[in-house]
Amino acid sequence: MKKVLTAVVAAFAAFIGYKFLKVNEMMLASREMPVKHLNCQYLKNIEYGAEDITILKDGLAFLSTGLKYPGLPSFSDEPGKIYILDLLHPKPTPVELQIKGELDLNSFNPHGISVYTDEADDSVYLFVVNHPEHKSQVEIFHLVQEDTLVHLKTIAHPLLHSVNDILAVGKESFYATNDHFFASDMLHFLTLILDYPMCEVVYYSPEEVRVAANGFLSANGINISPDKRYIYVSDIVGHDIKVYERQQGEQLRFLKSVAVGSLCDNIEVDHRTGDIWLGCHPNGQKLMKYDPEDLAGSEVIRIKNILSEKPVMSLEYGDDGHVLVASTVAAPFEGKLLIGSIFHKALYCDLK
């Protein structure tokens, strides 16, 4: 009986040890930081991260800043903010957007963002993932002037329990990614150890709310092709981008997964070429433990022809943390590139 018990304990210990090694592999703990610099400068006024950035076809860029996310450092006690930036200006400078309406700005904690433009009158609606007091909800704003947002609506739902990013497809409809399945961090960590992908993409409209796609270890960034036919979702812990075909009735049909070899956060799409741009974390362990003497680096990956049999992947920017810590998003526009981060700064780079 003792021999059997010893064997069981040894087998369980070996299993747990193996799974922890797998988690280290997921977090890319032993990976060296890639290095490839561009001609960049820090954006003014952005001191506490720009977790997500999205750019309209006319060069207007929106940035969410000041995110406070559980388990990661935060260096500001102030509420989060939304900035706007005109990339057609000779010297673009982020300007804080004024927010009007009934939203409690003291607990504003913006995360992923997306913009919907109404083709009927060119009205611009900004969708923002918000985590006031660690809750999960979506705010819808209307851009009414160059520097003013009017808060229209707050959306909360049991299926939107841990929203990370959002893709607006109508005035009040969107797709949202959940980066956790369980509210408990311990249970979420257990799903990673067991390699059990339970996270989901949720479709929301005033008429229906449902799971649109599942099977993610941690669903993160989401975006859409320029022709609106394909939707891309980053499984940050799975190190891949999943591609879906958008079908009638806002159904999603899975097409393929593309391995990226990094912890890729948000997804942006070049309006002109359709290329995929990814803000990534090259070493997740350094990000989670945060050592000022050994900072988490930044990595930007571009994917060309993602729908083809052989997509072309390239490293466009890489830094070991000396210039930019913890990149999350890379948004291109006519030879320029904006790179944002969780809690650090944001870069304005020249790709030419």
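The model shown is predicted, which means the values in this text are computed figures rather than measured ones.

Reading guide: rules and limits
All residue numbers refer to position in the chain's written sequence, counted from 1. In keeping with the model being predicted, local features are shown solely for residues with a pLDDT of at least 70 and side-chain atom pairs are shown and tallied solely at 80 or more, while totals for entire chains, interfaces and linings include all residues. Just so you know, side-chain values use all the structure's heavy atoms and leave hydrogens and water out. By the criteria applied, helices consist of DSSP H or I runs no shorter than four residues and strands consist of E runs no shorter than two, each listed in order from the N terminus. Polar contact criterion, stated in full: a pair of N or O atoms within 3.5 Å, where within protein one must be able to donate a hydrogen and the other to accept it, and residues adjacent in sequence count only if both atoms are side-chain atoms. UniProt positions are given in the numbering used here, feature names are shortened, and annotations may be inferred rather than shown by experiment. Contacts are residue-level and defined by heavy atoms, with any inter-residue pair within 4.5 Å sufficient. The way it works is a 1 Å grid over only the protein atoms, where trapped points that fit a 1.4 Å probe form a cavity and open points with protein on both sides within 12 Å along at least five of seven lines form a pocket, and then any residue with an atom within 4 Å of a point lines it. Grid points are joined across faces, edges and corners, and a volume is the space filled by probe spheres set on the points. The residue classification treats Ala, Val, Leu, Ile, Met, Phe, Trp, Tyr, Cys and Pro as nonpolar and Asp, Glu, Lys and Arg as charged. All others, Gly included, are polar. We call a pair of cysteine sulfur atoms a disulfide whenever their separation is within 2.5 Å. Two strands form a pair only when DSSP identifies at least two bridges running between them. All axes are obtained by fitting lines to C-alpha atoms, using only the stretch in contact for helices, and the reported angles, taken between N-to-C directions, cover 0 to 180 degrees.

Quick look at the environment of histidine 180 now. In this fold, histidine 180 is placed in the loop between strand S12 (174–178) and helix H2 (185–193). As a C-alpha pair, histidine 180 and serine 218 span 38 residues in sequence and 6.2 Å in three-dimensional space. Of the polar contacts made by the side chain of histidine 180, one reaches the side chain of aspartate 179; its length is 2.9 Å.

Here the UniProt feature "active site" (unreviewed entry) sits at His111. Along the chain, histidine 111 turns up in strand S7 (residues 110–118). Setting aside residues no more than four positions away along its own chain, histidine 111 makes contact with Glu51, Asp52, Ser64, Leu67, Tyr69, Val128, Val129, His131, Val163 and Asn164.

As a further point, take the layout of surface pockets. Reported here for the largest pocket is a volume of approximately 1000 Å³. Forming the boundary of the largest pocket are 43 residues, of which Tyr69, Pro70, Asp179, His180 and His188 lie nearest the centre. When residues of the lining of the largest pocket are traced back to their parent elements, those giving at least two are helix H1 (2–26), strand S11 (163–168), H2, strand S19 (263–269) and helix H3 (284–289). The class makeup of the residues in the lining of the largest pocket is 19 nonpolar, 17 polar and seven charged. In this structure, the second largest pocket spans a volume of roughly 780 Å³. Lining the second largest pocket are 33 residues, with Leu56, Val115, Thr117, Lys228 and His271 positioned closest to its centre. Elements represented by at least two residues in the lining of the second largest pocket include exactly strand S2 (52–55), S7, S11, strand S15 (219–224), S19 and strand S23 (327–333). A total of five residues in the lining of the second largest pocket trace back to one element, the largest contributor, which is S7.

Right, let's get into the state of the cysteines. Per the stated rule, a full pass over the model turns up two disulfides. Two residues share a disulfide in this structure: cysteine 40 and cysteine 349, whose sulfurs sit 2.1 Å from each other. Its S-S torsion of about 105° marks the bond between cysteine 40 and cysteine 349 as right-handed, since a negative value means left-handed. Taken together, the positions of cysteine 40 in strand S1 (residues 39–42) and cysteine 349 in strand S25 (residues 347–350) put the pair 309 residues apart, joining distant regions of the chain. Here cysteine 264 is linked by a disulfide to cysteine 280, with a sulfur-sulfur distance of 2.3 Å. As the torsion about the S-S bond is roughly 85°, the cysteine 264-cysteine 280 disulfide counts as right-handed. Placement of cysteine 264 in strand S19 and of cysteine 280 in strand S20 (residues 276–281) is noted, with a sequence separation of 16 residues between them. Along the protein chain, the cysteines that take part in disulfide bonds pair up as 1-4, 2-3, counted in sequence order.

Taken in spatial order, the four strands line up as S19-S20-S21-S22 in an open sheet, and their pairing is antiparallel. Only two strands of the sheet have a single partner each, and these edge strands are S19 and strand S22 (312–319). Averaged over all pairs of adjacent strands, the angle between strand axes in this sheet comes to 25°, irrespective of strand direction. Pairing geometry for S19 and S20, over five bridges, is antiparallel. Bridge pairing in S20 links valine 269 to isoleucine 276.

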